[in-house]
Amino acid sequence: MASARILVKRRKSIRNIRKITRTMELIATARFKKAMDRASEAAAYTRKINEIVADLAQSDLSFSHPLLQQPAEEQNVAVLVLTSNRGLCGGYNGGILRQALPRIRQFEQDGKHVSLEVSGKRGLSFMKFEGIPVDQSHTKFEDKPGFDEVNEIAARYVAGFVAGRLDRVDVAYQQYLSSSKQAPIIETLLPIGDLAGSAGIDEQANGAAIDYELLPSAEEILEELVPAAFKARFFKCFLDAAVGEQIARMVAMKSATENADEMIRDISQEYNRARQTQITSELAEIIGGAAALE
Amino acid sequence: MIAATELRLVLVTPETTLLDERVRSLQYPLYDGQMGVLPGRAPLVGRLGVGELRLEASDGRTQRFLVDGGFVQIKGSVVTLLTHQSMPVEQIDLAQAEADLAAALGDVPTSPEALEAKQQALQRARRMIALRR
C-alpha cells in the first residue's frame, strides 16, 4: 500500500486540476449563453429572409439566379472547415475533421481541384499532420464571429461562384440541433439547392397568400435576395460552430470535474486506510516495546 | 372597416434585432428614393438603398438611423426592415466614411461590374457623410 504522504500529494494535485476544470466549465457555460443569445438574435434575420423568399416563391416566378444553378461540371471545389482555436473540448474537433477528411479525399480521388480553407488552430494543425495543404486559414473566429468578417469570406465565395472559378462550396461544422444535441455535419452551401428551406414554404402554405406590391420587381428583389440568403446561412454556420464549441467544452469539462471528484474520493479512502494501518502498526510497536520491558 | 392605427417597426440586421417598437410613421430609403409609411399600408416587398431611416415613435420623438441596403417587408401592421448594417445616425464613423469615399474615388474600374461597384461605394460613402453632418 502506498504511503500516506504520497497519497496526500496526489490528492492535492487532483484537487488543483479539479479547480481548473471546474473554472473552465463555468467559463464555457457563460460563453455558451452569450453565443446562444447571439445565435438566437441572428435567427430573426434568417427567418425573415426565408419568409420573403417563400412569399416570392408563391408568386409563380421562375427562379434563375447564378447561385442556384448547378454548374455543368464540378471541377473547382472549395471546402471550408470550421474548428476551434483551443482544445479541451472533447470530441468536437475530431468529429468535424472526421467528416471533412473523407470528403476532401473523395474530391481528390475524383480529380477535382480542392481549395481548402480552415478556420481554427486545431484544424490547421490536423491538416499539417495529415500533410494536406491549406489554401486559406483563419484563426480570428472565436466565440463571437462578426458578420462583417464572415461576410468577407461569403462575398469571396459568391464572386468566385458567379465568375465560374468555383463550382461548389462545402462547409464542415458542428450543427446546432438543440441545446442537448449537436452533430458534426458537412453541407453543400453552393449551389443553393433548396432556397426557401423546407420549413419556410410549409408555414406559408397554410396562411392565405398575400398580394404583395413588389418594388422594383420580383426578379430584381430575387437578384439581391439570393446572395443575402446564402450569406445568412453562411453566417449561421459560424454561429452554430461557436455555440457547439462552447457546449462541447462545457460537457468535456463537466465530466473532467466529475472524474476528478471520483478520484479524490477513491484516493481519500485509500489514504484513510493507509493512515489507519500506520497507526495500528505504531500502536503494535509501542505495545510490543512495553511488553518487552515487563 | 375602421382605419388602421397601428404600425410596428422591426429593424433587423444579420447580427441582431435593433428595433422592435410601435411607431406613428416612418420613412426609409428604397432603391430609388425615400419612401414613407403610415398605418394601413398595403403589403409590400421592396429593395432598400443606402440612407436614412427616420421614424416617429409613439411618444412623438423622432429617431434617425442609417440603413445600408437590404429589404423591406410590409405585412399587416408590421414593417420589417432587413439590412446589412444599421446604426443610429450619431454613431456613424465620419472618418471611416471619408476614408471609404477617398478609397472609392481613387479606384480605377476596368470592367462594367467594377464600375458599378465603384458607383455604389461612392454613393454609400457620400450618403453616410451627408447623414452624419
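Rules behind the numbers
Residues numbered from 1 in each chain as written. Chains lettered and ligands numbered in written order. Predicted model: local features only at pLDDT ≥ 70, side-chain atom pairs only at ≥ 80, totals over all residues. Contact = placed C-beta atoms within 7 Å. Helix = DSSP H or I, 4+ residues; strand = E, 2+ residues; numbered from the N terminus. Pairing = 2+ DSSP bridges. Domains from an automatic or database assignment. Nonpolar A, V, L, I, M, F, W, Y, C, P; charged D, E, K, R; others polar. Core = buried A, V, L, I, M, F, W, Y, C linked by C-beta atoms within 7 Å. Buried ≥ 20, exposed ≤ 12 C-beta atoms within 10 Å, placed from the backbone. Axes fitted to C-alpha atoms, helices over the stretch in contact; angles between N-to-C directions. Parallel < 35°, antiparallel > 145°, perpendicular 65-115°, else oblique. Left-handed = near helix turned anticlockwise from the far one by under 90°. Expected span 1.5 Å × (residues − 1). Bend = angle between axes of the 7 residues up to and from the residue.

K.L.:
Any details on the interface of chain A and chain B? Residues and values, ideally.
P.N.:
Each partner contributes to the interface: chain A provides 23 residues, whereas chain B provides 19 residues. Within the residue set of the side of chain A that touches chain B, elements represented by two or more residues are helix H1 (4-58), strand S6 (213-215) and helix H6 (218-293) of chain A. The element that contributes the greatest number of residues to the side of chain A that touches chain B is H1 of chain A, accounting for nine residues. Taken together, the three bridges between S6 of chain A and strand S4 (residues 44-57) of chain B define a ladder with parallel strand orientation. The partner of Glu-213 of chain A across the bridge, within S4 of chain B, is Leu-44 of chain B.

K.L.:
Got a sec to walk through the domain arrangement of chain B? Specific residues and values, please.
P.N.:
All names here are of chain B. The domains assigned to chain B are domain 1 (7-89) and domain 2 (92-132). Counting residues at the interface gives seven residues for domain 1 and seven residues for domain 2. Elements represented by at least two residues in the side of domain 1 that touches domain 2 include exactly S4 and strand S5 (62-75). Counting residues per element, the side of domain 1 that touches domain 2 draws most heavily on S4, at three residues. For the side of domain 1 that touches domain 2, the residue count by class is four nonpolar, one polar and two charged.

K.L.:
Tell me what's going on with the nonpolar core, and back it up with residues and numbers.
P.N.:
Nonpolar side chains in soluble globular proteins generally cluster together in the buried interior. Within the largest apolar cluster, 89 residues are counted, with the highest numbers of intra-cluster contacts made by Val-79, Leu-82, Tyr-157, Leu-225, Phe-230 and Phe-238 of chain A together with Leu-81 of chain B. At 21 residues, H6 of chain A tops the list of elements feeding residues into this core. For this core, the two domains that each supply at least three residues are domain 1 (7-89) and domain 2 (92-132) of chain B. Aside from chain neighbours lying at most four places away, what touches Leu-82 of chain A is Ile-96, Ser-119, Gly-120, Val-171, Ala-172, Tyr-173, Cys-237, Phe-238 and Ala-241 of chain A.

K.L.:
Mind laying out the packing of helix H1 (residues 94-106) of chain B against helix H2 (residues 112-132) of chain B, listing which residues take part and the relevant values?
P.N.:
All names here are of chain B. Where H1 meets H2, the closest approach of the two axes is 9 Å, and the angle between their N-to-C directions is 150°. Looking at the two axes, H1 sits roughly antiparallel to H2. Viewed along their axes, H1 and H2 form a crossing whose handedness is left-handed. Residues Leu-94, Ala-97, Glu-98, Asp-100, Leu-101 and Ala-104 of H1 pack against Lys-118, Ala-121, Leu-122, Ala-125, Arg-126, Met-128, Ile-129 and Arg-132 of H2. In terms of residue class, the contact of H1 with H2 is made up of nine nonpolar, no polar and five charged.

K.L.:
Lay out H6 of chain A in plain terms, naming residues and giving numbers.
P.N.:
For H6 of chain A, which comprises 76 residues, the first-to-last C-alpha distance of 110 Å matches the rise-based estimate of 112 Å (1.5 Å per residue) to within 8%. Of all bends in H6 of chain A, the biggest is about 25°, found at Glu-224 of chain A, and the proline Pro-227 of chain A comes one to four residues later.

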